[in-house]
Amino acid sequence: MHFFILAHSLIFLCVLMLCLSSARAVAYFRPRLLLPTALGVFFLQLYAITGHAVTYSPWLEIAMISDSFSPTSPYKTIGIVAFLLLVITTLASWLINLRTSGKTALWQGIAALFLLSPLLPSLPDNTVNLNTAQAEATGPARPRPDVILIGMDSVSLYQARKHADHMPFVNSLLESGHNYTQAFTPLGRTYAAWHSILSGRYPATSGVRFNLTEFKPEQIADMLPVDLKTLGYYNLYAQDERRFNNINEDYGFDATVGPTVGAIDFVIPLFADHPFSSYFLNTAIGAWLFPSLHNNRVSSATYQPETFVQSILQHTDNVSSEQPLFMAGHFCLAHFPYRWRSYQPAKGLQDELALYRESLQALDQQIETLFTGLQAQGRVENAIVILLSDHGEGLGEELILWTGHDHTPARQFGQVLRGHGNSLLSRDQNNVIINIRHTANRTNSQNGTQIDTPVSLVDIRPTILALLKQPLPSTLDGIAIPPAVAKAAANRYLFMETGMMMDLPQPDATAEELSNKVKDIADGYLVNTAGRLIISEEFIQFNITKKQLGVVYNEEMLISDSNTPDNYLWINRANNDWRVMNSNELAESKHSLLFSALNCYRQQSECSRSTN
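Residues numbered from 1 in each chain as written. Predicted model: local features only at pLDDT ≥ 70, side-chain atom pairs only at ≥ 80, totals over all residues. Heavy atoms only, no water.

Participant: What is the right way to read the overall build of the protein from this model?
Facilitator: When you go through the protein residue by residue, the secondary structure sums to 24 helices and 16 strands. Within the protein, the fraction of its 612 residues that count as buried is 58%. Of the contacts made within the protein by residues no fewer than 6 positions apart, 72% connect residues no fewer than 24 positions apart. As presented, the protein carries roughly 25400 Å² of accessible surface, and 57% of it is formed by carbon and sulfur atoms. (Helix = DSSP H or I, 4+ residues; strand = E, 2+ residues; numbered from the N terminus. Buried < 20%, exposed > 50% of the residue type's maximum accessible area, 1.4 Å probe, protein only. Contact = heavy atoms within 4.5 Å. Areas by Shrake-Rupley, 256 points an atom, 1.4 Å probe, with all protein chains shown as cover.)

Here it is, written out as structure tokens:
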């Protein structure tokens, strides 16, 4: 917070410096014009920056007040005129100061370069092509294939397929490699899901059963980044939303891309709606001044999707072409509130699903830019590329359930909330994307293979290790799946659970409504000695009893009722058949093995490592 205040102080100091130095040049000839000139330059800066905000950041409050969504907004023209006058005034006064006071001219030049650089037209970004020639010459010489994980937040396989016209590139990837139609998230929350991806263990095994669970050294010593680090990989983690995800260099990554991790990330975005700082954010200066806001999806009014992708590619471009790369990138653009800095919806477009589809299209463009950039750097020719989602998103009035169009179980069997991590009964929340391309094997990378056998995100780590011909740790819950093995194992128990129960806000929710959503759970969190927000152990134990637990076995699914401990819902996902039963009925039925497996998971025993 102190650095945030210092950054704004620096901006205002430069504003003052430019005003006074310009005024001093005029006062050399007309002393009485010192104050009027200073005020005039100040207002030129104000209108130039405001015009920039109105043009490029329409979600800022000042931009919305000035009707920035209108192409004929006068503030855009005023901003351009003010900018041109500011440049002329600054240049003329600088030339005068250069002759009369070299010291003043020096400080004026520094202030002008600092303040005007974000307003100048940006040069074309050639980042993705910097290493192309070198990559073509030396890429295949790397001792091991690159490992690329591309994660998408809040995208179910169903939504990606249904809105294929908005996600053409993602769907083109789904047509190649090994695509799993029955992939499940062990827990539909980002941090818990990614912990399962990197550890190969279920939440009940790892202990990470809620977002912001404090990780311990012994928990992260046995993780995929540590595996790959010992094999000589450079490990990079990138995510554009870090509030609920504390994954950082402690997990074995050499570097991270995205906003800084810490409790401050819950506070700083509240102050992002400011024209004098917002235009800096998508520049190199902004990355230095505002590390908590740069590439931060939480600050939707200032987040620019292209900037985040280019930040990733700049990091990967700096990795030696002779060193294998492990890159885990997670994109949160399709997450609530479905808008970003430059997004201007059609007039009256407030439908939640329509907004979501627009965010899917922008996400698709991000993925394509990243993929193309990595390809230009020679990081795709010999690589294990895995496209995945950590969870889906339940949206709209008629949520899609595993029971099909029959919503009777939703009324009989607890509450089905919108959003993610709230209900195992929601198909869109839990049926995720897993697509694996092993480009070292041309057959696997070019021919699409659809696999309907149920798998889980816990299978990612063992699959990567198997493809690298490494032994699998005995502590894993997941198993290797194709293309690491010939066939995906059936007759296998897969476990799932919900996170904190909280319904998704509406896209047009006010700040007060958003605050009311989280105030009931705010007391369950605290700040640790590292400055990170973590969930308290007492709050964990209190909320574990409220979880829904589930187990999948081929086409069958069994879900526990969080409201009635003795209530269970059995579902046949193939034909949408279902039945509500109590524990006695289950124990005596043909589904008793499912019941035993679910109880085993509830007791956190090693049953999760059993495949049948």
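So much for the structure itself; the text now carries on.
Participant: How should I be thinking about the packing of helix 4 (residues 74-100) against helix 5 (residues 102-116) in this particular structure?
Facilitator: In helix packing, the relevant descriptors are the interaxial angle and the interaxial distance, both defined with respect to the helix axes. Two numbers describe how helix 4 lies on helix 5: the axes approach to 7 Å, and their chain directions differ by 160 degrees. Compared by their axis directions, helix 4 and helix 5 come out roughly antiparallel. In this structure, the crossing between helix 4 and helix 5 has a hand that is left-handed. Contacts between helix 4 and helix 5 involve Leu-86, Thr-90, Ser-93, Trp-94, Asn-97, Leu-98 and Thr-100 from the first element and Gly-102, Thr-104, Ala-105, Gln-108, Gly-109, Ala-112 and Leu-116 from the second. (Axes fitted to C-alpha atoms, helices over the stretch in contact; angles between N-to-C directions. Parallel < 35°, antiparallel > 145°, perpendicular 65-115°, else oblique. Left-handed = near helix turned anticlockwise from the far one by under 90°.)

Participant: Any chance you could explain the pairing of strand 1 (residues 146-152) here in plain terms?
Facilitator: Every other side chain in a regular strand lies on the same face of the sheet, so the side chains alternate between the two faces. With seven of seven residues buried, strand 1 is to be regarded as a mostly interior element. Judged by which residues are buried, strand 1 turns out to be covered on both faces: Asp-146, Ile-148, Ile-150 and Met-152 on one side and Val-147, Leu-149 and Gly-151 on the other are all buried. Where strand 1 and strand 6 (residues 383-389) come together, seven bridges link them in parallel fashion. Bridging from a neighbouring strand, Met-152 pairs with Ser-389 of strand 6. (Pairing = 2+ DSSP bridges.)

Participant: What's the story with unusual backbone geometry in this structure? I'm lost.
Facilitator: It is generally the case that most residues other than glycine have a negative phi and that most peptide bonds are trans. The omega angle of the peptide bond from Phe-336 to Pro-337 is 15 degrees, so this bond is cis rather than trans. Of note, Pro-337 is situated in the loop between strand 5 (325-331) and helix 16 (352-376). Along the chain, Pro-482 connects to Pro-483 via a cis peptide bond; the corresponding omega equals 15 degrees. Backbone geometry at Leu-212 places phi at a positive 65 degrees, although glycine is not the residue there. Summarising the element assignment, Leu-212 is placed in the loop between helix 10 (203-206) and helix 11 (217-220). Under the relative-accessibility criterion, Leu-212 is labelled buried at 0%. Residues other than glycine seldom take positive phi values, yet Asn-576 does so here, at roughly 65 degrees. Structurally, Asn-576 is set in the loop between strand 15 (567-572) and strand 16 (577-582). By relative accessible area, Asn-576 is classed as partly exposed at 34%.

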